[in-house]
Number of protein chains: 2
Amino acid sequence: MSSGINHQVGIKASPQAIYNALTDVGALARWWTTDTRGSGKKVRDTIEFWFADFCQKFDVKELEPARRVVWKSPRGQGCDEWEDTEVSFDLSTDDKQTLIQLRHTGWRASTDFQGHCSMRWAVFLLSFKDVMERGKGRPYPYDLEVHYR
Amino acid sequence: MSSGINHQVGIKASPQAIYNALTDVGALARWWTTDTRGSGKKVRDTIEFWFADFCQKFDVKELEPARRVVWKSPRGQGCDEWEDTEVSFDLSTDDKQTLIQLRHTGWRASTDFQGHCSMRWAVFLLSFKDVMERGKGRPYPYDLEVHYR
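Residues numbered from 1 in each chain as written. Chains lettered and ligands numbered in written order. Predicted model: local features only at pLDDT ≥ 70, side-chain atom pairs only at ≥ 80, totals over all residues. Heavy atoms only, no water.

J.: Honestly, the sheet that holds strand E3 (residues 46-51) of chain B in this entry has me stumped. Any pointers?
T.: Strand order across the open sheet formed by seven strands is E1-E7-E6-E5-E4-E3-E2 (chain B), with antiparallel pairing between neighbours. What marks the edges here is a single partner per strand, and that holds for strand E1 (5-11) and strand E2 (35-38) of chain B. Averaged over all pairs of adjacent strands, the angle between strand axes in this sheet comes to 25 degrees, irrespective of strand direction. Bridge count for strand E6 (residues 86-93) of chain B against strand E7 (residues 98-105) of chain B is eight bridges, and the pairing is antiparallel. Looking at E7(B), one finds that B:Ser92 is bridged to B:Leu99. Of the strands in this sheet, E1 and E7 of chain B touch helix H3 (residues 112-134) of chain A, which is tilted by about 80 degrees from E1(B). Its contacts with the sheet place helix H3 (residues 112-134) of chain B against E1, E3, E6 and E7 of chain B, and it is angled at close to 15 degrees to E1(B). (Pairing = 2+ DSSP bridges. Helix = DSSP H or I, 4+ residues; strand = E, 2+ residues; numbered from the N terminus. Axes fitted to C-alpha atoms, helices over the stretch in contact; angles between N-to-C directions. Contact = heavy atoms within 4.5 Å.)

J.: Sorry if this is basic, but what is going on with the interface of chain A and chain B here?
T.: Interface size, as often reported, equals the accessible area lost upon joining of the parts. Contacts between the two partners involve 35 residues from chain A and, on the opposite side, 36 residues from chain B. Regarding the contact of chain A and chain B, the summed buried area is about 2,800 Å², with carbon and sulfur atoms giving 48% of it. Three residues, A:Gln8, A:Met119 and A:Tyr148, lead the burial of chain A against chain B; their summed loss comes to 25% of the area buried on that side. The interface formed by chain A and chain B holds two salt bridges in total. B:Asp112 is paired through a salt bridge with A:Arg103; the nearest N and O atoms lie 3.2 Å apart. Our count for the chain A to chain B interface comes out at 30 residue pairs in polar contact (both at pLDDT 80 or more). Elements with a contribution of two residues or more to the side of chain A that touches chain B: strand E1 (5-11), strand E7 (98-105) and H3 of chain A. (Buried area = accessible area lost by both parts, 1.4 Å probe. Salt bridge = Lys/Arg side-chain N within 4 Å of Asp/Glu carboxyl O. Polar contact = N/O pair within 3.5 Å; in protein donor to acceptor, adjacent residues only side chain to side chain.)

J.: It is not clear to me how the sheet that holds strand E4 (residues 54-64) of chain A should be interpreted in this structure. Could you clarify?
T.: By way of backbone hydrogen bonds, the strands of a sheet pair with one another, either parallel or antiparallel. Residues and elements named next belong to chain A. Strand order in the open sheet formed by seven strands is E1-E7-E6-E5-E4-E3-E2, and the pairing between neighbours is antiparallel. Because the sheet does not close on itself, it has two edges, and the strands there are E1 and strand E2 (35-38). Averaged over all pairs of adjacent strands, the angle between their axes in this sheet comes to 25 degrees, without regard to strand direction. Of the strand pairs in this sheet, E1 and E7 are connected by seven bridges, and their pairing is antiparallel. Bridge assignment links asparagine 6 to a residue of E7, and that residue is arginine 103. Packing against the sheet, helix H1 (residues 15-22) makes contact with E1, E4, strand E5 (68-72), strand E6 (86-93) and E7, and its axis sits at approximately 165 degrees to E6.

J.: Which parts of the structure should I look at to understand the relation of the copies chain A and chain B?
T.: Superposition of the two copies of the chain requires a rotation about an axis and a shift along the axis. Of the transformation superimposing chain A on chain B, the axial component is 0.0 Å and the angular component is 180 degrees, with the fit at an RMSD of 0.0 Å. As the rotation angle and translation indicate, the two copies are arranged about a two-fold axis. In terms of C-alpha distance to the rotation axis, chain A has A:Ser3 as its closest residue, with the C-alpha 2.9 Å off the axis. Both copies present the same face, since 100% of the interface residues in chain A are matched by interface residues at the equivalent positions in chain B. (Least-squares fit on C-alpha atoms with pLDDT ≥ 70 in both.)

J.: Got a minute to help me understand H1(A) in this structure?
T.: Those residues of H1(A) lying buried are A:Ile18, A:Tyr19, A:Ala21 and A:Leu22. One face of H1(A) carries all of its buried residues, which in axial projection span an arc of 160 degrees. (Buried < 20%, exposed > 50% of the residue type's maximum accessible area, 1.4 Å probe, protein only. Arc of directions from axis to C-beta.)

J.: Looking at this structure, how should I read the side chain of A:Ser118?
T.: The residue A:Ser118 is located in helix H3 in this model. Under the relative-accessibility criterion, A:Ser118 is labelled buried at 2%. A distance of 2.7 Å separates a polar atom in the side chain of A:Ser118 from a polar atom in the side chain of B:His7. Discounting chain neighbours no more than four positions away, the residues touching A:Ser118 are A:Ile5, A:His7, B:Asn6, B:His7 and B:Ser118.

Below is the structure:
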């Protein structure tokens, strides 16, 4: 099994503000995809991330306020290669910032498509940073293209 | 062992132009770090990437024109966690672009620092894309900060 995707970004915002943004569909819509539905506030809630006609669902698996958010991609509810994968956001601080450690784990293989997703996660984390620091991100469909379709 | 970093980016440029840029220190200086020394043109050449007083060296391990470039980080010649790791750039095309698959493999563990490097590679690949498509990248020290120091 592949160890998956592992990204770290530093954001000038409190861990509580970042945690709140990761559990609120309105806030998620400001950096990942504008069409975000469902709820991310409680364990076992389901969030729906829509990209045009495609929906990627995540079930909320763990929540620790101001510290950790974990989602799990259920079977048949999104991208095939993401089935049963988990996305975790671990928050820590130093004197200058809150650090988000995003890990997307449980991939069956380290495919070319994983590399595409890795770049997309990086771009969306930069979008998240821009929302938190400057009030404006680049969620889908306004995201920076890493691959021409 | 961790599978490491795996990123894919699509660039509107020919594989030969991208290959040339990956083997020329002047071109590397336009997207990774402005202070790039040595040579990347032949197998066993050594490239030096300087970040202020810190130097990361890579030996050129494989070269396949318009297809593949592989570097290896020698022991004691850069970042500890990068010792013996390899960076490969695999080039392929579709009708719209050349795809670069960057893999940075051989990490001993999937650490928080790896997540930092993963974001930095993503930012530098976007810088490389900007150089090839628009003539101007953001090499260190002009790179987009992913972590406040």
